[in-house]
Amino acid sequence: MSLYKNLFKQTAIYGLATVLPRMLSFLLVPLYTDLLPKEEYGKVSIIFAYMIFFNVILAYGMETAFFRFYNNETNKKAVIETTSVSVFWSTILLLLPAVFLRNKLAAFSGIDVQYVLFAIWILALDALVIVPFSKLRAQQKPMRYALIKIANVLINLTLSIFSLLILPKIATSNPDGIISILYFDNFQIGYIFVANIIASFFTFIVLSPDYFQLHWHFDFSLWKRMMRYGLPILVAGIAFAINEQFDKILLGKLLPDNIADAQVGVYSACYKLGLFMVLFRTAYTLGIEPFFFSHASNEDAPKTYATITKYFVIFGSLILLSVIVFADVLKQLMIRDESYWEAMKVVPLIIIANFFLGIYTNLSVWYKLIDKTHIGAYISIIGAIITLVLNYFLIPIMGYYGSAIATIAAYGSMMIISYFMGKKQYPIPYEINKISTYLIISIGFSALSFYGFRENYFVGISLLLLFTYYIYHNEKGLIKKILNPKNN
């Protein structure tokens, strides 16, 4: 029981590190949607979609490889030094050509060249802190990790509010003032990226002592082994980025020019309502990945993984149903401009898709533990193909609703494939009947609440309470043990 309590504690701490920054960034959504037309918000969303894609390339699987080798190698210092040197020089070598080729990149992506340049610098600064952040996680220093993450978002949030809300008023009331020289007409998108650059630069400065402490030793033999482990994760990461973000890029390219940016804007805004599931999934992943590796040698590891997966599904099912029941309340808080609400119908699909992705994260432990990360790459590639094919055929017919269907189909397929392949390669005794039941009931109740009795909170809350009681009835033994550890 102490093992699970330790995991829950670890996940809760990393949840704090993840949830607080994301909740602060929550405030950026109403800020952007209040001040930017749908078309402009769509452009911002497309730029961030490209950035997430290139974030994966700049990390090239070294983050996960770091955890794997940090836990397995006796010379942990060599792992830190080799990974740091590798990521530092790869970032520099990719940064310089990107700056020189910014005009061609802008022409290819259809994005203004100044925004391309901003994105390049943000990507480089974020890549340079990958290893320092990973080291904090591996050395179990979640509070420092959390403080830096929170500070990053606070800086971004403060600068965004100042430049988008306060600066225009100062420039209007005192056009000859010193502060007014910072104001430029029609530069709202630029201010968003300048705020991000400053926040990323702050994070790099705080973590830069890690680089000064290095002896810059590079173990080429170790690096080759890490690359063999990490490159399949890079492929999987690229495929994941396609699944996660390419729908916005494809919406911008496959829809008519006169509506594309607006459709991306409303879709991206309503997509944000899935944030609670993303927060849960992300916090869990941050806590669970080091845990999986550190407990891999335990005799009862498969049973432990099975239990953890079941309770991930239970908590995720509750979050799924709760968010969908109160989706129309959340939209009033996050997206106050009613012109964005037309895409609300995709919200349940997006939340379920993110839930499937979280389950897949659990089920994918087997190929990481047996050093067959290439299988994860294959599974992710299948998901990416499903994403690209369905988006290509459905967007011209159904618009962003087709993108939501493609997302849930991709993650659902990955989840199912990983489960059946894992049964053969690394058997884990999942309580599949219970897990399936919780999943089916939560999805069924969610669909009934949203599509059958939307904004009828008597029905929605009743379904939520009924499901909560069903969970308690089935799991009350373990719940009592967790709540009363002294009696164990």
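In the block above lies the structure referred to throughout.
About the cut-offs
- Residues numbered from 1 in each chain as written.
- Predicted model: local features only at pLDDT ≥ 70, side-chain atom pairs only at ≥ 80, totals over all residues.
- Heavy atoms only, no water.
- Axes fitted to C-alpha atoms, helices over the stretch in contact; angles between N-to-C directions.
- Helix = DSSP H or I, 4+ residues; strand = E, 2+ residues; numbered from the N terminus.
- Contact = heavy atoms within 4.5 Å.
- Nonpolar A, V, L, I, M, F, W, Y, C, P; charged D, E, K, R; others polar.
- Core = buried A, V, L, I, M, F, W, Y, C linked by side-chain atoms within 4.5 Å.
- Buried < 20%, exposed > 50% of the residue type's maximum accessible area, 1.4 Å probe, protein only.
- Phe/Tyr/Trp six-rings, centres within 6.5 Å; stacked < 30°, edge-to-face > 60°.
- Lys NZ or Arg CZ within 6 Å of the ring centre and 35° of its normal.
- Patch = residues over 30% accessible without salt bridge, like charges linked within 9 Å, V, L, I, M, F, W, Y side chains within 5 Å.
- Areas by Shrake-Rupley, 256 points an atom, 1.4 Å probe, with all protein chains shown as cover.
- Salt bridge = Lys/Arg side-chain N within 4 Å of Asp/Glu carboxyl O.

**Looking at the packing of helix α8 (residues 130–138) against helix α9 (residues 142–173)**
At a minimum axis separation of 8 Å, α8 and α9 run at an interaxial angle of 145°. Across from Phe133, Leu136 and Arg137 in α8, the residues of α9 making contact are Arg144, Tyr145, Ile148 and Lys149. Residues that form the contact of α8 with α9 fall into these classes: four nonpolar, no polar and three charged.

**Points about the nonpolar core**
If you look at the biggest cluster of nonpolar residues, it comprises 114 residues, and the most contacted ones within it are Tyr32, Tyr267, Ile335, Phe355, Ile359 and Tyr430. Here this core takes 13 residues from helix α15 (residues 301–325), the largest share from any one element. Excluding its chain neighbours within four sequence positions, the residues that come into contact with Ile359 are Phe312, Val313, Met415 and Leu439. Counting residues in each nonpolar core, the second largest holds 37 residues, with Val129, Val131, Leu136 and Ile242 among its members.

**So, the packing of aromatic side chains**
In total, this model carries 26 aromatic pairs according to the counting rule given. Here Phe184 and Phe187 contribute two aromatic rings whose centre-to-centre distance is 5.8 Å and whose plane-to-plane angle is 70°, an arrangement assigned as edge-to-face. Exposure remark for Phe187: the relative accessible area of 15% places this residue in the buried category. Feature note: the residues Phe88, Trp89, Tyr211 and Trp216 constitute an aromatic cluster, connected by ring pairs. Above the ring of Tyr70, the side-chain terminus of Lys76 is found at 5.0 Å from the ring centroid. Directly above the ring of Phe133 sits Lys149, whose terminal nitrogen or CZ lies 4.4 Å from the centroid.

**A word on a nonpolar patch on the surface**
On the surface, a cluster of nonpolar side chains totalling about 680 Å² of accessible area is made up of Val235, Tyr378, Ile381, Ile385, Val389, Tyr392 and Phe393. With six residues, helix α19 (residues 373–398) is the single largest residue contributor to the nonpolar patch. When you line up the elements, Tyr392 lands in helix α19.

**Digging into the environment of Gly402**
Here Gly402 shows up in helix α20 (residues 400–425). The exposure class assigned to Gly402 is buried, which follows from its relative accessible area of 0%. Considering only alpha carbons, one finds Gly402 and Leu390, twelve residues apart in sequence, at a separation of 7.3 Å.

**Concerning unusual backbone geometry**
Phi at Tyr60 takes a positive value of approximately 35°, unusual for a residue other than glycine. Here Tyr60 shows up in the loop between α3 (38–59) and α4 (62–72). Residue class for Tyr60 comes out buried when judged on its relative accessible area of 9%.

**Description of α4**
Within α4, eight of the eleven residues are buried, leaving the element largely enclosed by the surrounding structure. Within α4, burial applies to Met62, Thr64, Ala65, Phe66, Phe67, Arg68, Phe69 and Tyr70.

**Details of the side chain of Asp210**
Positionally, Asp210 belongs in helix α11 (residues 209–212). On the basis of relative accessibility, which here comes to 16%, the residue Asp210 falls in the buried class. When near neighbours in sequence (up to four residues on either side) are disregarded, Asp210 contacts Pro132 and Lys135.

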